[in-house]
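# Notes for the structure review
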Amino acid sequence: MKLNKVKWIIVLGCVLLFAGFTDIYFEINKNIELFSKVYKEISFNYVDEVDPEQFMRAGIQGMLSSLDPYTIFIDEKKKEDIDLITNGKYGGIGISIGIRGNHVTVVEVMDGYSAQRQGLRVGDIIIEAAGVKIEPDNVDKISTLVKGEPGTTVNMKIVRNELKDTIDFNILREEVIVKNLLYSGFFPENSNNVYLKLSNFSRSASDEIKTALQKLKTEKEIKSIVLDLRGNPGGLLDIAVDICDKFLAKGKLIVSTRGRTQSSIKEYYSTQEPIVGDARLVVLIDGGSASGSEIVAGAIQDHDRGIILGTKSFGKGLVQTITPLSYNTSLKITTAKYYTPSGRCIQKIDYADHNNVITDPDSIITGKFLTDHKRIVYSRGGISPDTTVVFKINGKITKELLAKGLFFKFADHFYYNHPDGDYTSLSDDKLLNEFREFTESEKFSYKSDAEDHINLLLTDLSDNYKDILDELNTVKNQIVNMKDNDFDFYSKEILRQVREELAVRYIGVEGRITEQLKTDNQFQTALEVLNNPVVYKKILNVN
């Protein structure tokens, strides 16, 4: 009897399971049929002619927009972007561009590639590429025009030297390998502290860190490390795991991922002995640190391997998989959530909340978790630093100068007037005076916060309050006159921006980074913590 009962239970279970699959497949087939009929009816019978491809693409985009912003359809025009994500390389000339003022401008020239060898410079304004006129409105075209098969060439026309010179280039495309590690070296130079600035987690990132650390170990003993992940948006999951391998003891859980089913759970452990297992470690993060950066920071924090310093990270705890489709298209789909070693998911936004498309309840557990040393950490909302240190630009004058691109323009102006000069030999006062004169020649002006507030008061008050209005206008004039002192009051942060831009022109990206570090309060705090073993151990709850 018992055997027969077991058989019936198994049969019933199979029937229910099969029924569940049948319902799912029925719903899928039914709705595909409906979608197909709607698509055909509109394509053939809509009052105006419809582009069938664009109409279908709009339908795909609309469908995916009901999920999360990371699940996207990638068309054949973005194939190079897939290569960049997965392989960390592309066919191009080795430049980065941005909009400065009203111009599409070269903001970075990578070392060793054709753009640098053939003479392109930071600050060059691109006015034409592959025969197409380039303006801020069509800046997105630059990527597809300049990128291409290695060995081919692209014609570009640029203007430089404050629009005085126009130059035509015929630049060779080649395989450009994206550099993830922007800076690696002992900083300060006479110390035993290594500074690593990691900008991405593409295919070569882990090898770059490994090579850098092994080289630096041959120069002198590494006693401490600052790993800077600020502004790093992440990248490949396995590369983030490999990077943790360089710092964590062998056999430590780094991250786990969980999809829809129990069988989808995967755990990733450190498999090697760390390169610098005994060096003190600080990881810098901010609101731009996401995904892979958060995997690394979370593993370091949960195992108490180092101190996380800065401001709260972005909060992206979702894992994407790229699936090739037909006609050189791909689908990037969120397939799992990731969890730090203590078990927390740091995903900030719950895309399942109030979403009728997603039927299962969210799997993220909100609450407290414990590190190896029993320190309390929290899930959701990103990685919270162990030590919060905020970096921000305080002066509105500095923000306005940045927004109007005047630091960038001044660096061009200075460089073309002193191409062989040494900006580092100039005193702070002389450099600030030159910059002030430049801003005056550019007719720079702005409204202070106090002006904005008092203008609102003046607008709100009617003519019935004439005496108050007169007094407020008097105060306004005093504020406008006081604004002239803002340049001096915020001279330190203005000078910092000036020297950073000049360093890029004369030295390159590494020059900018070294200038930043001299006045970077987050980095300087990290050094103080690393140089104080008592404070370092206390933060990590080490007995």
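So, a few notes on the structure that sits alongside this text. (Residues numbered from 1 in each chain as written. Predicted model: local features only at pLDDT ≥ 70, side-chain atom pairs only at ≥ 80, totals over all residues. Heavy atoms only, no water.)

## Focus on the overall build of the protein chain
Along the protein chain, the regular secondary structure elements total 18 helices and 21 strands. If you line up the protein chain on its principal axes, its C-alpha atoms span 100 × 75 × 70 Å. Within the span of the protein chain, comprising 543 residues, buried residues form 42% of the whole. Across the protein chain, the fraction of contacts at a sequence separation of at least 24, relative to all contacts at a separation of at least 6, is 68%. Here the protein chain displays about 30100 Å² of accessible surface, and carbon together with sulfur accounts for 54% of that area. Computed over 68 positive and 77 negative side-chain charges, the separation of the two mean positions in the protein chain equals 7 Å. (Helix = DSSP H or I, 4+ residues; strand = E, 2+ residues; numbered from the N terminus. Buried < 20%, exposed > 50% of the residue type's maximum accessible area, 1.4 Å probe, protein only. Contact = heavy atoms within 4.5 Å. Areas by Shrake-Rupley, 256 points an atom, 1.4 Å probe, with all protein chains shown as cover. Lys, Arg positive; Asp, Glu negative; His and termini not counted. Charge placed at Lys NZ, Arg CZ, Asp CG, Glu CD.)

## Some thoughts on the packing of aromatic side chains
All told, the structure shown has 14 aromatic pairs when counted by the stated rule. Among the aromatic residues, those joined into a cluster by ring pairs are Phe407, Phe410, Phe414, Tyr415, Tyr416, Phe435, Phe438, Phe487 and Tyr506. Against the face of phenylalanine 408 rests arginine 100, its NZ or CZ located 5.1 Å from the ring centre. The positively charged end of lysine 220 is found above the aromatic ring belonging to phenylalanine 186, 4.6 Å away from the centroid. (Phe/Tyr/Trp six-rings, centres within 6.5 Å; stacked < 30°, edge-to-face > 60°. Lys NZ or Arg CZ within 6 Å of the ring centre and 35° of its normal.)

## With respect to the pairing of strand β10 (residues 181-186)
Taken together, the five bridges between β10 and strand β11 (residues 193-198) define a ladder with antiparallel strand orientation. Its bridge partner lying in β11, glycine 185 is registered against tyrosine 195. Hairpin geometry of β10 and β11 is characterised by an intervening segment of six residues between the two adjacent antiparallel strands. (Pairing = 2+ DSSP bridges.)

## Brief notes about the environment of serine 256
For serine 256, the position within the fold is in strand β13 (residues 253-258). Note on serine 256: relative accessible area 6%, which makes it buried. Measuring from C-alpha to C-alpha, the distance between serine 256 and lysine 337 comes to 8.4 Å, with 81 residues separating the pair along the chain. Contacts of serine 256, omitting those with residues within four sequence positions, involve Lys266, Glu267, Lys337, Tyr338 and Tyr339.

## Comments concerning the sheet that holds β11
Two pairing modes exist for strands in a sheet, parallel and antiparallel, and in both the strands are linked by backbone hydrogen bonds. Read from one edge of the open sheet, six strands run β10-β11-β12-β15-β16-β21, paired in mixed fashion. Either end of the sheet is taken by a strand with one partner, and the two such strands are β10 and β21 (387-388). Strand direction decides the pairing type here: β11 and strand β12 (residues 224-228), joined by five bridges, are parallel. Within the sheet, the bridge partner assigned to lysine 197 lies in β12 and is aspartate 228. Contacts from helix α16 (residues 509-518) reach β10 and β11, with the element oriented near 60 degrees to β10. Where helix α17 (residues 521-530) meets the sheet, its contacts fall on β11, β12, β15 (280-285) and β16 (307-310), and the angle it forms with β15 comes to roughly 160 degrees. (Axes fitted to C-alpha atoms, helices over the stretch in contact; angles between N-to-C directions.)

## Considerations on a nonpolar patch on the surface
Judged by side-chain polarity, Ile24, Tyr25, Ile28 and Ile32 come together as a nonpolar surface patch covering roughly 410 Å² of accessible area. If you trace the backbone, isoleucine 24 turns up in helix α1 (residues 2-45). (Patch = residues over 30% accessible without salt bridge, like charges linked within 9 Å, V, L, I, M, F, W, Y side chains within 5 Å. Salt bridge = Lys/Arg side-chain N within 4 Å of Asp/Glu carboxyl O.)

## Side note on α17
Buried within α17 are the following residues: Gln522, Phe523, Ala526, Leu527, Val529 and Leu530. Seen along its axis, α17 keeps its buried residues to an arc of 165 degrees; they face one direction. Its buried side turned inward, α17 meets β11, β12, β15, β16, α16 and α18 (533-539). A distance of 3.0 Å separates the backbone nitrogen of glutamine 522 from a side-chain oxygen at the start of α17, and that oxygen is part of aspartate 520. (Arc of directions from axis to C-beta. Polar contact = N/O pair within 3.5 Å; in protein donor to acceptor, adjacent residues only side chain to side chain.)

## A few points about the nonpolar core
Residues Leu213, Ile222, Ile225, Ile243, Phe247 and Val296 are the most contacted members of the largest nonpolar core, which totals 61 residues. By residue number, the principal contributor to this core is helix α7 (residues 237-245), which donates six residues. With residues near it in sequence (within four places) discarded, valine 296 still touches Phe201, Leu227, Leu229, Ala240, Ile243 and Cys244. (Core = buried A, V, L, I, M, F, W, Y, C linked by side-chain atoms within 4.5 Å.)

## A word on helix α15 (residues 491-506)
Turn by turn, an α-helix covers 3.6 residues, leaving residues three or four places apart pointing in a common direction. Here α15 is 16 residues long and its end C-alpha atoms lie 22 Å apart, about the 22 Å a rise of 1.5 Å per residue gives. For α15, a buried count of 13 out of 16 residues is recorded, marking the element as mostly surrounded by other parts of the structure. Looking one or two residues beyond α15, the residue adopting positive phi is glycine 508, at roughly 115 degrees. (Expected span 1.5 Å × (residues − 1).)

## Some details on unusual backbone geometry
Along the chain, phenylalanine 187 connects to proline 188 via a cis peptide bond; the corresponding omega equals -5 degrees. Relative to the helices and strands, proline 188 resides in the loop between β10 and β11. Its identity as a non-glycine residue notwithstanding, asparagine 328 has a phi of 60 degrees, on the positive side. Relative to the elements of secondary structure, asparagine 328 occurs in the loop between β17 (318-324) and β18 (330-339).

## Section: the environment of proline 533
Position of proline 533 among the secondary structure elements: in helix α18. A residue is classified by how much of its surface remains accessible, and proline 533, at 41% relative accessible area, is partly exposed. For the pair proline 533 and arginine 280, spaced 253 residues apart in sequence, the C-alpha to C-alpha distance is 8.9 Å.

## Side note on the pattern of salt bridges
The full count for this structure, using the stated rule, is 24 salt bridges. Here lysine 197 ties to aspartate 228 by a salt bridge, and the two come within 3.7 Å at their closest N and O atoms. In this pair, lysine 197 sits in strand β11 while aspartate 228 sits in strand β12, placing the two residues 31 residues apart along the sequence. Accessibility expressed as a relative area gives 15% for lysine 197, which makes it buried. Aspartate 228 gets classed as buried once you look at its relative accessible area, which sits at 1%. With a shortest N-O distance of 3.0 Å, arginine 499 and aspartate 428 are connected by a salt bridge.

## A closer look at the side chain of lysine 332
Among the secondary structure elements, lysine 332 is positioned in strand β18. Among the polar contacts made by the side chain of lysine 332, one reaches the main-chain carbonyl oxygen of tyrosine 70 at a distance of 3.4 Å. Those residues within four positions of lysine 332 in sequence are excluded, and the remaining contacts are Tyr70, Thr71, Ile72, Ile74, Gln320, Thr321 and Ile322.

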